[in-house]
Amino acid sequence: MLPLNLSHYQQRVEQYLQRVLTQLPATDNRLLDAMSYSLLLGGKRVRPFLVYSCGTMLGASLDDLDGPAGALEALHSYSLIHDDLPAMDNDDLRRGKPTCHKAFDEATAILAGDALQTLAFDILANHPYQQVQASEIVAMLQGFARSAGYAGMCGGQAIDLAQTNQHTSLAQLERMHRLKTGALIENAIELAWLCSPKRQLDDKANLLSFARALGLAFQVQDDILDIESDTQTLGKPQGSDSKANKSTYPALLGLDQAKAKARQLYQDALNALARLPYNTDELRAFAQYIIERRF
């Protein structure tokens, strides 16, 4: 079952990003087309959803949350463009469409990724916040940079590449995914918390525990779908991880134990939400959606 506001938040962040793109000064139309192609190609918008859902639960305004939601999606889109490049995962499909370097060319795709990465920081720093102070904006930028770079997503991707064709322990696999996928999912919670007037440290700790379990559950389910789903449903080549001899949970644990791992992580996420003094129904529904999705 889809969370009640998922489609609403998906539409909201896409409309916001469309406005951001149309306000960019004219530089190179082909580059802008490539940026728009990848950024507005659709997708689950997991990170924006967490910003909006968590932020509104804590009393933040949707207008303020547009900034971090849009910044996270721009950064995520850059990472997908670069992940798909021949030097990385060498994929031809993304969200059911040709990857950026196939739709345009490799050089344009690299530049589109670079431009979306810097645009993400531009959005986060210069969004017209109404209730967020300068000190919180600085804190958002600090956490955003840490989660995106060597200590977060990029470091996780480097570990992923290094572990291809290698024997990996469960601890190594979890560390890789906590950086590659989990860092930005946790950062979505941190950004929402910094935008809100309700900043209790206990609430933040429980929300980060939720995000940590959710981020790992998301990746376990991705690994399962790489085996059980099909290319048309996934929107990307089915079985690509297996063919590339990537480290995955089913490869390490077996398919049944990987499914059990996803269920345990889902329960861990619910347990963290149960410790919060708010209505967490929307976040609970989202966690269920993450482990039951088929794409």
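Quick look at the structure, then. (Residues numbered from 1 in each chain as written. Predicted model: local features only at pLDDT ≥ 70, side-chain atom pairs only at ≥ 80, totals over all residues. Heavy atoms only, no water.)

Section: a nonpolar patch on the surface
- Together, L170, L252 and L253 make up a nonpolar patch on the protein surface, roughly 190 Å² of accessible area in all.
- Within the element layout of this structure, L170 appears in helix α9 (residues 170–180).
- Looking at L170, the relative accessible area reads 32%, which means it is partly exposed. (Patch = residues over 30% accessible without salt bridge, like charges linked within 9 Å, V, L, I, M, F, W, Y side chains within 5 Å. Areas by Shrake-Rupley, 256 points an atom, 1.4 Å probe, with all protein chains shown as cover. Salt bridge = Lys/Arg side-chain N within 4 Å of Asp/Glu carboxyl O. Helix = DSSP H or I, 4+ residues; strand = E, 2+ residues; numbered from the N terminus. Buried < 20%, exposed > 50% of the residue type's maximum accessible area, 1.4 Å probe, protein only.)

Quick notes on α9
- Of all the residues in α9, the buried ones are L173, E174, M176, H177, L179 and K180.
- In this structure, the buried side of α9 is in contact with α4 (62–83), α8 (153–163), α10 (182–195), α11 (201–228), α14 (249–253) and α15 (255–274). (Contact = heavy atoms within 4.5 Å.)

Overview of the nonpolar core
- Counting 85 residues, the largest nonpolar core has L50, M140, F210 and F286 as the members making the most contacts within it.
- The residues touching F210, leaving out its near neighbours within four places in the chain, are L50, A269, A272, L273, L283 and A287. (Core = buried A, V, L, I, M, F, W, Y, C linked by side-chain atoms within 4.5 Å.)

Quick word on the environment of G113
- Residue position: G113 is located in helix α6 (residues 106–126).
- Classification of G113 by relative accessible area gives buried; the value is 0%.
- Taking C-alpha positions, G113 is 9.6 Å from H76, a pair spaced 37 residues apart along the chain.
- Setting aside chain neighbours within four positions, we find G113 in contact with Y78, I81 and H82.

Looking at the pattern of salt bridges
- Tallied over the full model, the rule gives 19 salt bridges.
- Between K246 and D89 there is a salt bridge whose closest N-O contact spans 3.1 Å. Placement of K246 in the loop between α13 (240–243) and α14 and of D89 in the loop between α4 and β1 (93–94) is noted, with a sequence separation of 157 residues between them.
- Residue classification places D89 among the partly exposed residues on the basis of a relative accessible area of 25%.
- Ionic pairing is found between R212 and E186, a salt bridge with its closest N-O pair at 3.4 Å. On the criterion of sequence distance, the pair formed by R212 in helix α11 and E186 in helix α10 is long-range, its members being 26 residues apart.
- For E186, a relative accessible area of 17% gives the class buried.
- In the salt-bridge network here, residues are joined through shared partners; they are E14, R45, E73 and R95.

Concerning unusual backbone geometry
- At N90, a position not held by glycine, the phi torsion is positive, near 55°.
- On the secondary structure map, N90 appears in the loop between α4 and β1.
- Of note in this structure, N165 is not a glycine but carries a positive phi near 65°.
- With respect to the secondary-structure elements, N165 resides in the loop between α8 and α9.

Some words on helix α1 (residues 6–22)
- Across its 17 residues, α1 extends 25 Å between first and last C-alpha, which sits within 8% of the 24 Å expected from 1.5 Å per residue.
- Residues of α1 that are buried: L6, Y9, Q10, R12, V13, Y16, L17, V20 and L21. Buried residues of α1, viewed axially, fall in a sector of 165°; they line one side.
- Buried residues belonging to α1 abut α2 (29–39), α3 (46–57), α4, α6 and α16 (281–292). (Expected span 1.5 Å × (residues − 1). Arc of directions from axis to C-beta.)

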